[in-house]
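# Structural description and commentary
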Amino acid sequence: MSNFSFAEWSNLLDQWGASSSSSSSNADHKPEKIIPTTTYVEKLIKEIENPLTREHALCALSRNREIRANLAPLLWNSTGTIYLLLEEITTAYRVMSSPDLIARATNNVCNALVLLQCVASHPDTRMNLIKANVPYYLYPFLAAKNKEKQYEYLRLISLGIIGTLVKVDNAEIVHFLLQSEIVPLCLRCMEVGNELSKTVATFIIQKILVQDEGLRYFCSFAERFFTLTRVMGTMVDKLVGEPSLRACDGFKISLPSKFRDATILNLIRDDPEALEWLRQLFVNIATGNYGSPSLIEETLSILPS
């Protein structure tokens, strides 16, 4: 098994969409099995304007992968559509602090968010989203501390939109996100989200760090640097206690070669704590958990004696 990828997250999101739509109490709102044409897509976009047909239109547009492939320019250039998507998203704000965030309302908001992700992923509309400050509308979902399923859906798809934006390694996008204080929100998601949310939030932080401005952001103030290391340390501690089979399989394939280099290993020979961390890393990779003594000894044999 390879490392968990952003594409894998997207596929899982599609699977959630299919399952959540089937649970809707109104059968009329299931995605239509129709080969999409431009005329059909434009008709669905027009139906977003009508509150009576909006739920059906959002569902059909967001759940059909063939429609979503070239949907972004049509969404952005149609009059008032982005405004209506944002209006749908903001309806969830009023119930964010209450237990009333019911499944049906969450489905509508999630479908609107998926359409925004289409806009974020398209090269002709991506920067328009940034210039219009649309990511700010996602931040209340990222700031939520609730761990219930409906909140997790909103958190995950909102992170997915940000992840789609940073995936292209654009310095202007990273600058916008840093100015809008996305980092504390991602760090919070790394602490309170489920495994999938933690993965996407970590992906965003990693893409920010590879940009010079992102690295300066974290290193310019001690508080930022130590906050990042604290959150990352907490995640590592959790992985040590509950090793991820996906991560273990990935490391078996792509463990950095320097970890096995004798020169590097000799540097930590006199640091018992660092050496123990490295030993435990090899144990977890080899066994996916705390394995038998024979497996552990076989794994640790690569360390210098």
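No experiment lies behind these values; they were computed from the predicted model shown.

### Focus: the pattern of salt bridges
- For the coordinates displayed, the defined rule picks out seven salt bridges.
- For E49, the salt bridge goes to K46, with nearest N and O atoms at 3.4 Å.
- In this structure E49 comes out as partly exposed when scored by relative accessible area, which is 38%.
- By relative accessible area, which is 52% here, K46 ends up exposed.
- A salt bridge links E191 to R230; the nearest nitrogen and oxygen atoms lie 2.9 Å apart. Placement of the pair is E191 in helix α12 (residues 182–192) and R230 in helix α15 (residues 222–241), with a sequence separation of 39 residues.
- For E191, a relative accessible area of 36% translates into the label partly exposed.

### Observations regarding α12
- Within α12, eight of the 11 residues are buried, which leaves it mostly tucked inside the rest of the structure.
- Listed as buried for α12 are I182, V183, L185, C186, L187, C189, M190 and V192.

Criteria and cut-off values
Residues numbered from 1 in each chain as written. Predicted model: local features only at pLDDT ≥ 70, side-chain atom pairs only at ≥ 80, totals over all residues. Heavy atoms only, no water. Salt bridge = Lys/Arg side-chain N within 4 Å of Asp/Glu carboxyl O. Buried < 20%, exposed > 50% of the residue type's maximum accessible area, 1.4 Å probe, protein only. Helix = DSSP H or I, 4+ residues; strand = E, 2+ residues; numbered from the N terminus.

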